[in-house]
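# Summary of the model geometry
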Amino acid sequence: MPKPTKGPRLGSGPSHERLILRTLAEQLFEHGKITTTEAKAKRLRPLAEKLITFGKKGDLPARRQVMARIANKSVVHNLFTVIAPTFANREGGYTRITKIGPRKGDNAPMAVIELVTEK
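Bear in mind the structure is a predicted one, so any value in this text is a computation, not a measurement. (Residues numbered from 1 in each chain as written. Predicted model: local features only at pLDDT ≥ 70, side-chain atom pairs only at ≥ 80, totals over all residues. Heavy atoms only, no water.)

### Description of helix H2 (residues 38–57)
With 20 residues, H2 extends 29 Å from end C-alpha to end C-alpha; this agrees with the ideal 28 Å at 1.5 Å per step. At Leu44, H2 shows its largest bend, some 30 degrees, and a proline, Pro46, comes one to four positions later. Gly58 sits one or two residues past H2 and shows a positive phi near 75 degrees. (Helix = DSSP H or I, 4+ residues; strand = E, 2+ residues; numbered from the N terminus. Expected span 1.5 Å × (residues − 1). Bend = angle between axes of the 7 residues up to and from the residue.)

What follows is the structure in structure tokens.
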């Protein structure tokens, strides 16, 4: 994982930021793509790619490390049995961030983060 950034976090503190990223990772692995702000998408990408790399290993210690980050067992099972085997021949770059227009209410820059499916 990259070194934590100094200054303002995504939530009110570091623990809230970890919870936000945990939820975003669960939703990404469950649905394949999610729409969120650019800042959250950029923070989610390293975590999601690391978890997919653990899924590619497929052994029990890797599963336990993923379970420490993601609490939903069905999502972890989906990661290890469906998502990770599709990236078996890929060395990295499992996610793609596509910028979309600003959000209507507060003009926040929005982005779609999705799992890359083509080779």
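### Considering the nonpolar core
Core analysis: the biggest nonpolar cluster contains 27 residues, and Phe29, Leu44, Leu51, Val66, Ile70 and Leu79 have the highest contact counts within it. In terms of residues, this core owes the most to one element, H2, which gives seven residues. Sequence-distant contacts of Leu51, that is, excluding residues within four places in its chain, are made with Ala25, Phe29, Val66, Arg69, Ile70 and Leu79. (Core = buried A, V, L, I, M, F, W, Y, C linked by side-chain atoms within 4.5 Å. Buried < 20%, exposed > 50% of the residue type's maximum accessible area, 1.4 Å probe, protein only. Contact = heavy atoms within 4.5 Å.)

### Notes on the pairing of strand S2 (residues 95–102)
The two faces of a sheet get side chains in turn, since along a regular strand they alternate between them. Here seven bridges tie S2 to strand S3 (residues 109–115), and the two strands are oriented antiparallel to one another. Looking at the pairing, Arg96 lines up with Glu114 of S3. With antiparallel pairing between neighbouring strands as the criterion, S2 and S3 make up a hairpin whose turn holds six residues, including Asn107 at a positive phi of roughly 65 degrees. (Pairing = 2+ DSSP bridges.)

### Re the sheet that holds strand S1 (residues 33–37)
Reading across from one edge, S1-S3-S2 is the order of the three strands in this open sheet, with antiparallel pairing throughout. The open sheet has two edge strands with one neighbour each: S1 and S2. If you compare each strand with its neighbour and ignore which way they point, the axes differ by 25 degrees on average. Where S1 lies against S3, five bridges are found, and the strand directions are antiparallel. In the strand pairing of S3, Thr37 is matched with Met110. Across the sheet, helix H1 (residues 14–31) lies against S1, S2 and S3, angled at about 145 degrees from S1, the strand it touches most. (Axes fitted to C-alpha atoms, helices over the stretch in contact; angles between N-to-C directions.)

Purely geometric stuff here, so don't read any function into it on its own.
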